[in-house]
Amino acid sequence: MSIQVVQGDITKRTVDVIVNAANSSLLGGGGVDGAIHRAGGKEILEECVKIRNQQGGCQVGEAVITTAGQLPASYVIHTVGPVWNGGVKEEDVHLKNCYRNTYLLANKYKVVSIAFPSISTGIYKFPKPLAAEIAVSETARYVETHLLENTIKKIEFICFDEENYSLYVERLKCYL
Ligand code: AR6
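Reading the values: rules and limits
- Residues numbered from 1 in each chain as written.
- Predicted model: local features only at pLDDT ≥ 70, side-chain atom pairs only at ≥ 80, totals over all residues.
- Heavy atoms only, no water.
- Helix = DSSP H or I, 4+ residues; strand = E, 2+ residues; numbered from the N terminus.
- Patch = residues over 30% accessible without salt bridge, like charges linked within 9 Å, V, L, I, M, F, W, Y side chains within 5 Å.
- Areas by Shrake-Rupley, 256 points an atom, 1.4 Å probe, with all protein chains shown as cover.
- Salt bridge = Lys/Arg side-chain N within 4 Å of Asp/Glu carboxyl O.
- Near = heavy atom within 4 Å.
- Polar contact = N/O pair within 3.5 Å; in protein donor to acceptor, adjacent residues only side chain to side chain.
- 1 Å grid on protein atoms, 1.4 Å probe; cavity = no way out; pocket = protein on both sides within 12 Å on 5 of 7 lines; lining within 4 Å.
- Sits in = over half its atoms within 2 Å of the grid points.
- Nonpolar A, V, L, I, M, F, W, Y, C, P; charged D, E, K, R; others polar.
- Buried < 20%, exposed > 50% of the residue type's maximum accessible area, 1.4 Å probe, protein only.
- Pairing = 2+ DSSP bridges.
- Right-handed = clockwise from strand over helix to strand, strands pointing away.
- Points joined across faces, edges and corners; volume = space filled by probe spheres on them.

## Thoughts on the environment of Ile 65
Item 1. Residue position: Ile 65 is located in strand E3 (residues 63–67).
Item 2. Sequence separation between Ile 65 and Tyr 75 is ten residues, and the spatial gap between their C-alpha atoms is 6.7 Å.

Next comes the structure, spelled out in structure tokens:
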């Protein structure tokens, strides 16, 4: 199992799955969501619209999968992080569910490599230290509890800014 922290743009990663920090509408937005839809092209939005028509979008903490369109990846998993509300609306539970449901869906599609952005730490204003802790601890939890059936062998945390990069490197040290 390889777990890496990389500073950069997630749309450039050559992995099986790129994770998107989407919103419940699945219709795109700003931040990493906007970047993924711009770089991946219209096929991603077309599949998002189909999912939206079938199941009415995606709830906070849930995850759905589409093609990656023109991106150098096979799939995009769209998960909806919580908006930070001071910590009184179970935002931590919702963020944990984003990682749990994304890993379960990725494993269902037998993916080997996956790249995550730091979900909710941009427009949704989730505190970065707690978000990094949740990303790393839920990853460790997933790996430990799915030893037999896990297909994922390479996990990348893609940090856009230096603060997130340092936080992830620090948190990972506790698990290595
Ligand atoms: N590659 C990697 N990380 C990125 C990139 C990129 N190209 N661009 C931004 N980030 P955000 P959220 C980082 O705001 O907080 C959208 O409008 C960014 O620095 O993209 O979950 C959706 O449609 C931050 O650390 O997502 C929703 O409405 C992290 O990605 C809403 O924003 C997440 O920032 C979701 O907000």
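## Thoughts on a nonpolar patch on the surface
Item 1. A surface patch of nonpolar side chains, amounting to about 200 Å² of accessible area, comprises Leu 27, Leu 45 and Val 49.
Item 2. Its location among the elements puts Val 49 in helix H2 (residues 42–55).

## Looking at the site of the ligand
Item 1. Taken together, 22 residues surround the ligand, and among them Asn 23, Gly 30, Val 32, Asp 33 and Thr 121 come closest.
Item 2. Within the backbone of Ile 123, an N or O atom sits 2.8 Å from an oxygen atom of the ligand.
Item 3. Interatomic distance of 3.4 Å between a side-chain N/O atom of Asn 164 and an oxygen atom of the ligand.
Item 4. The site holding the ligand turns out to be the largest pocket.
Item 5. Looking at the shell around the ligand element by element, the count peaks at four residues for helix H1 (residues 31–40).
Item 6. Considering only residue class, the shell around the ligand consists of eight nonpolar, eleven polar and three charged.

## Quick word on the environment of Lys 128
Item 1. By secondary structure assignment, the location of Lys 128 is in helix H4 (residues 128–145).
Item 2. Separated by 35 residues in the primary sequence, Lys 128 and Glu 163 place their C-alpha atoms 8.1 Å from one another.
Item 3. In terms of polar contacts, Lys 128 uses its side chain to reach the side chain of Asp 161, at 3.4 Å.

## Observations regarding the pattern of salt bridges
Item 1. Using the criterion set out here, one finds ten salt bridges in the structure.
Item 2. With its nearest N and O atoms 4.0 Å apart, the salt bridge here joins Glu 46 to Lys 42. In this pair, Glu 46 and Lys 42 are both assigned in helix H2, four residues apart and thus about one turn of the helix distant.
Item 3. For Lys 42, a relative accessible area of 59% translates into the label exposed.
Item 4. Of the charged contacts, one joins Glu 156 and Lys 154 as a salt bridge, the two residues approaching to 3.4 Å between their closest N and O atoms.
Item 5. For Lys 154, a relative accessible area of 30% puts it in the partly exposed group.
Item 6. Put simply, Arg 13, Lys 154 and Glu 156 are held in one network by salt bridges that share partners.

## Here's the deal with the pairing of strand E6 (residues 154–159)
Item 1. Most of E6 is tucked away, with five of its six residues classed as buried.
Item 2. Where strand E5 (residues 113–116) lies against E6, four bridges are found, and the strand directions are parallel. Residue pairing for E6: Phe 116 is matched across the bridge by Phe 157.
Item 3. Regarding the hand of the β-α-β motif, the stretch spanning E5, H4 and E6 is right-handed.

## Considerations on the layout of surface pockets
Item 1. In this structure, the largest pocket encloses a volume near 580 Å³.
Item 2. Taken together, the elements giving at least two residues each to the lining of the largest pocket come down to strand E2 (15–22), H1 and E6.
Item 3. Looking at the lining of the largest pocket residue by residue, the classes come out as twelve nonpolar, eleven polar and four charged.

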